[in-house]
Amino acid sequence: MDSLKGIRIEGLRKRYGAGDTAVDALKGVDMEVAPGEVVGLIGPSGSGKSTLLKCLGAVIEPTGGRMILGGEPIYDDGWKIRDLRALRRDSIGFVFQAPYLIPFLNALDNVALIPMLAGFSDGDSRRRAAELLEALDVSHRADAMPSRLSGGEQQRVAIARALANRPPVILADEPTAPLDSERALSVIGILNSMARQYETAVIVVTHDEKIIPTFRRIYRIRDGRTVEEAGEGRLVQNMMEN
Ligand SMILES: Nc1ncnc2c1ncn2[C@@H]1O[C@H](COP(=O)(O)OP(=O)(O)O)[C@@H](O)[C@H]1O
Ligand SMILES: [Mg+2]
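A brief structural summary. (Residues numbered from 1 in each chain as written. Chains lettered and ligands numbered in written order. Predicted model: local features only at pLDDT ≥ 70, side-chain atom pairs only at ≥ 80, totals over all residues.)

## Considerations on the overall build of the protein
Link 1 in the chain: Helices and strands together make up the secondary structure of the protein, namely 7 helices and 10 strands.
Link 2 in the chain: Relative to the 2.2 N^0.38 estimate, which gives 18 Å for 242 residues, the radius of gyration of the protein is 18 Å and therefore close to what a compact globule would have.
Link 3 in the chain: A principal-axis box enclosing the C-alpha atoms of the protein has dimensions of 55 × 40 × 35 Å.
Link 4 in the chain: Counting only residues that meet the buried cut, the protein has 45% of its 242 residues in that class.
Link 5 in the chain: Expressed as a percentage of contacts within the protein between residues at least 6 apart in sequence, the contacts between residues at least 24 apart total 69%. (Helix = DSSP H or I, 4+ residues; strand = E, 2+ residues; numbered from the N terminus. Rg over C-alpha atoms; globule rule 2.2 N^0.38 Å. Buried ≥ 20, exposed ≤ 12 C-beta atoms within 10 Å, placed from the backbone. Contact = placed C-beta atoms within 7 Å.)

## Re the site of ligand 1
Link 1 in the chain: Residues in contact with ligand 1, as listed here, are Tyr16, Gly17, Val23, Ala25, Gly43, Ser45, Gly46, Ser47, Gly48, Lys49, Ser50 and Thr51.
Link 2 in the chain: Counting only elements with at least two residues in the shell around ligand 1, the list comes to strand 2 (23-33) and helix 1 (49-56).
Link 3 in the chain: Element by element, the count of residues in the shell around ligand 1 is highest for helix 1, at 3 residues.
Link 4 in the chain: Residue classes in the shell around ligand 1 are distributed as 3 nonpolar, 8 polar and 1 charged. (Near = placed C-beta within 6 Å. Nonpolar A, V, L, I, M, F, W, Y, C, P; charged D, E, K, R; others polar.)

## With respect to unusual backbone geometry
The general pattern is negative phi for most residues beyond glycine and trans for most peptide bonds.
Link 1 in the chain: Phi angles above zero are rare outside glycine, and Asp77 is one such case at about 50 degrees.
Link 2 in the chain: Here Asp77 is to be found in the loop between strand 5 (72-76) and helix 2 (84-91).
Link 3 in the chain: According to the C-beta neighbour criterion, Asp77 is exposed, with 12 such atoms within 10 Å.

Coordinates in, geometry out; function isn't part of it.
Quick look at the structure:
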């Protein structure tokens, strides 16, 4: 892969606590995701999935190893970036199991808020939000408040929001868990085409049997270490063709 873009993790370690009660949640994780690629991260409960995403998202500090995001070394046995808030805001899109939309803003403004916070004008931010809602096929719901949107629509707005600052990286933690099969596959199809369109590297943490066959590459994490596997890469092709 182009080592200057995407995500690269080398020998990443995370220890919670110290002494007798310390937990080594990550014991040397290696991972690589190319721009435009969507990989699955799967593993049993307690295996370290959320810890890995939180380290990558600069939400918690690793204990050692290296992380490179979008060509920037962000961690190398210590943070290489001073402004972690700006890193999270500008370089990383988060998608969670629950959409966490702001209840008193309509769909468009939930998305537009993100570029506004990054310093873009209201007009530019709204234009960008409208474009993304269009791409995600929810532009007809732009004026609707979150409570009026279906689960699938809310999750598409949440994906639009994650893409709003055109981050090189998207981290999705169980993004399809609350959705039925058709909506779950549609969300994964959208993540794939958005990843390609915007050259975004995407990691999807999931238990969801419905979407696991869609990944071309999977990292299985067990007891704080990852193993790479070939996935089936099914359905995604079909979904992206239409
Ligand atoms: N804040 C924390 N303090 C101490 N131990 C933690 C903390 N968060 C997670 N752990 C432990 O780290 C390990 C990995 O947890 P986690 O990353 O949440 O796994 P997963 O998301 O795969 O279920 C587990 O043993 C968990 O108990
Ligand atoms: Mg978890």
